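Chain by chain, the residues run as shown.
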Amino acid sequence: MYSRDCTLKEIGEKCGHPSQEIQQTADIELTQLDKIANNEQSSSVRQFRSLDEFGDAMHLKLVEYSEFAINIPSLRVSESKILYGLEALFQNTIHQKPISLESRRYIGNKAKLTKWIMDLIDKETEKVNTFVDIFAGTASVSNQAIPKYKQVIINDILFSNNVIYKGFFEAGEWDVEKLNDIITYYNALDPDMLQENYFSKNFGGKFYEHNVAKLIGHIRQDIENIKSKLTVKEYNILLSTLIYNIDKLANTVGHFDAYIKKQIRVQQLHLRLINARDFNNVKIYRENANELAKRLKSDLVYIDPPYNSRQYNRFYHLYETLVKWDKPLLFGVALKPAPENNSLYCTTKARDAFEHLVVNLNTRFLVVSYNNTYNSKSHSSENKIRLEEIESILNKCGKTKIFECSHKFFNTGKTEFEDHKELLFITEVDDKRKNKSFSSVLHWR
Ligand SMILES: C[S@@+](CC[C@H](N)C(=O)[O-])C[C@H]1O[C@@H](n2cnc3c(N)ncnc32)[C@H](O)[C@@H]1O
């Protein structure tokens, strides 16, 4: 079937597994990738050159070395060997290994920083039982907090994030075999036999290859049709599974503010279940953080709001539409619905919103992430709250320490954010000091 020499990337694409998916599935270290990008890979490349000698265990080697083939186009090996390795990889690994919470593209996610954040929290706080992730996004921070704390509260304003938290974490009953049967049926669907649907008519040929869009719309409708035969947890697992699998196929640079205006290559949608678990110590909300803050009592609140004018509900509108499935009218080139749940944090009111949030929070520790991805060329990426403003507000709440993480730590190999700083503020709240400093804000309320 494959005769000439080629790269793993090319074969992966033919098989419907983009290189990103292969890397994620193979659990290839990102640091290794960065080394390759920086040409620091010489010894490994020498090993790679002996790929032709691999025997039965070759698939393991391919898993190990796939990144070299992907990133160094000049290194080409026999297609049949790559295909063999890929098949083994997908048979032995992909089909069985559930998709992890972190394998999602999401602007500002802290997946690469969770260790740094959690280690600092461990060191700087004590007697924390209740941990709140009040702008949870992908919930990568919550995911680390769940095994550590007695109770973890996860909140985000987006419908799609809420379903994902429920799919991955919420307590409930589900039958993996039943879900595998359902996705096996979905994976066998032939898009040519399906009718056009809401999703394919709107997003086909734009955000997704047309046949993939047809499948997505059909599967989404089917999940709704069989809802009465599913438990709540099963329903949320299936929706999250759909989101996580289509995330890899989106014709975007990682969000749905725009699609790439090029011919989309033919792809296959092959669903794999998410890594669903259930925890009794997790509570999930979909509320405006400023409203929820007034009702919570906790020991620690982790605060990671948006800092620029880019609204997350607009960036991820397609998932919002998919989850709500109310088939709204869509507007503009990016086919967005009418705005809903716009965040004050993306406006000139961000500073006040932040102040009101911390004033209302009843907690012993405030932990705030702050970064300056400010790019002077783009006004929309300008931070809405200045560093000094955060610092001054937190100082009014209590003793505040600031920690800085070098951009090299989490952005290895990329040079475009040379001055990108990731900061973490940890404030031990002093109620007397807070009430005194914010008396005008308190009276205002
Ligand atoms: C910077 S992201 C958080 C990233 C997250 N820490 C992670 O690791 O993925 C900010 C999140 O805040 C949410 N958000 C924005 N305004 C909100 C509000 N007023 N209340 C609750 N969530 C909000 C957005 O939907 C977005 O997911």
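Just so you know, these numbers come straight off a predicted model, no measurement behind them.

Colleague: So what about the sheet that holds strand β3 (residues 130-133)? Which residues, and what values?
Modeller: Here seven strands make up an open sheet; going across it, the order is β5-β4-β3-β6-β7-β9-β8 and the pairing mixed. Taken across any chain shown, the strands that pair with only one partner, and hence form the sheet edges, are β5 (282-285) and β8 (398-405). Between one strand axis and the next, the sheet turns by 15° as a mean value, whatever way the strands run. As paired strands, strand β6 (residues 300-303) and strand β7 (residues 365-371) are joined by four bridges and run parallel to one another. By the bridge assignment for β7, Y302 is matched with V367. Where helix α7 (residues 114-124) meets the sheet, its contacts fall on β7, β8 and β9 (422-429), and the angle it forms with β9 comes to roughly 25°.

Colleague: Lay out the environment of E404 in plain terms, naming residues and giving numbers.
Modeller: Along the chain, E404 falls in strand β8. Overall, E404 belongs to the exposed group, with 11 C-beta atoms counted inside 10 Å. Spatially, the C-alpha atom of E404 lies 6.9 Å from that of K421, the residues being 17 residues apart in sequence. Leave out the neighbours within four places in its chain, and E404 touches K421 and L423.

Colleague: Requested: an account of the site of the ligand, with residues and values cited.
Modeller: Taken together, 23 residues sit near the ligand, with K110, F135, G137, T138 and S343 positioned nearest. Looking at the shell around the ligand residue by residue, the classes come out as 11 nonpolar, nine polar and three charged.

Colleague: Summarise helix α13 (residues 232-247); cite the residues concerned and give the values.
Modeller: Between its first and last C-alpha atoms α13 spans 23 Å; for 16 residues at 1.5 Å apiece the expected length is 22 Å, and the two agree. The buried fraction of α13 amounts to 13 of the 16 residues, a majority that puts the element mostly inside the structure.

Colleague: Describe the nonpolar core, and please don't skip the residues or the numbers.
Modeller: Within soluble globular proteins, side chains that are nonpolar tend to cluster in buried spots. Of all hydrophobic cores here, the largest spans 92 residues; its most connected members are I216, L366 and V367. Of all the elements, α13 adds the most residues to this core, at eight residues. Domain assignment of the residues forming this core places at least three in each of domain 2 (114-152 + 278-309 + 347-444) and domain 3 (172-277 + 310-329). Dropping the residues within four chain positions of it, V367 is found in contact with I121, L300, Y302, I303, L424 and I426.

Colleague: Got a sec to walk through unusual backbone geometry? Specific residues and values, please.
Modeller: Residue K127 is not a glycine yet carries a positive backbone phi of 50°. Looking at where K127 falls in the secondary structure, it is placed in the loop between α7 and β3. Residue W325 is not a glycine yet carries a positive backbone phi of 50°. Looking at the element boundaries, W325 is found in the loop between α16 (317-324) and α17 (350-360). Given 16 C-beta atoms within a 10 Å radius, W325 is considered partly exposed.

Colleague: Explain the confidence of the model for the protein chain to me, and be specific about the residues and the numbers.
Modeller: Looking at the protein chain as a whole, the pLDDT averages 82, with 72% of positions reaching at least 70. With pLDDT under 50 throughout, residues 1-5 is counted as low confidence; its partners more than four residues away or in other chains account for 10 contacts. Here residues 26-81 is modelled with pLDDT under 50, and outside its nearest four sequence neighbours on either side it reaches 75 contacts, counting other chains as well.

Colleague: Please provide a residue-by-residue account of the environment of A350, values included.
Modeller: Considering the arrangement of structural elements, one finds A350 in helix α17. As for A350 and K384, which are separated by 34 residues in sequence, their C-alpha atoms are 6.0 Å apart. Non-local contacts of A350, meaning those with residues more than four positions away in its chain, are made with L344, Y345, K384 and I385.

Colleague: Give a description of the packing of α17 against helix α18 (residues 387-397) that names residues and reports values.
Modeller: Contact pair α17 / α18: the axes reach a minimum separation of 11 Å and the direction vectors enclose 20°. Considered as vectors, α17 and α18 are oriented roughly parallel to each other. Read as a crossing pair, α17 and α18 show a hand that is right-handed. Where α17 approaches α18, its residues R351, F354, E355 and V358 are matched on the opposing element by E389, I393 and C397.

Cut-off values and rules
- Residues numbered from 1 in each chain as written.
- Predicted model: local features only at pLDDT ≥ 70, side-chain atom pairs only at ≥ 80, totals over all residues.
- Pairing = 2+ DSSP bridges.
- Helix = DSSP H or I, 4+ residues; strand = E, 2+ residues; numbered from the N terminus.
- Axes fitted to C-alpha atoms, helices over the stretch in contact; angles between N-to-C directions.
- Contact = placed C-beta atoms within 7 Å.
- Buried ≥ 20, exposed ≤ 12 C-beta atoms within 10 Å, placed from the backbone.
- Near = placed C-beta within 6 Å.
- Nonpolar A, V, L, I, M, F, W, Y, C, P; charged D, E, K, R; others polar.
- Expected span 1.5 Å × (residues − 1).
- Core = buried A, V, L, I, M, F, W, Y, C linked by C-beta atoms within 7 Å.
- Domains from an automatic or database assignment.
- pLDDT = per-residue confidence, 0-100.
- Parallel < 35°, antiparallel > 145°, perpendicular 65-115°, else oblique.
- Left-handed = near helix turned anticlockwise from the far one by under 90°.

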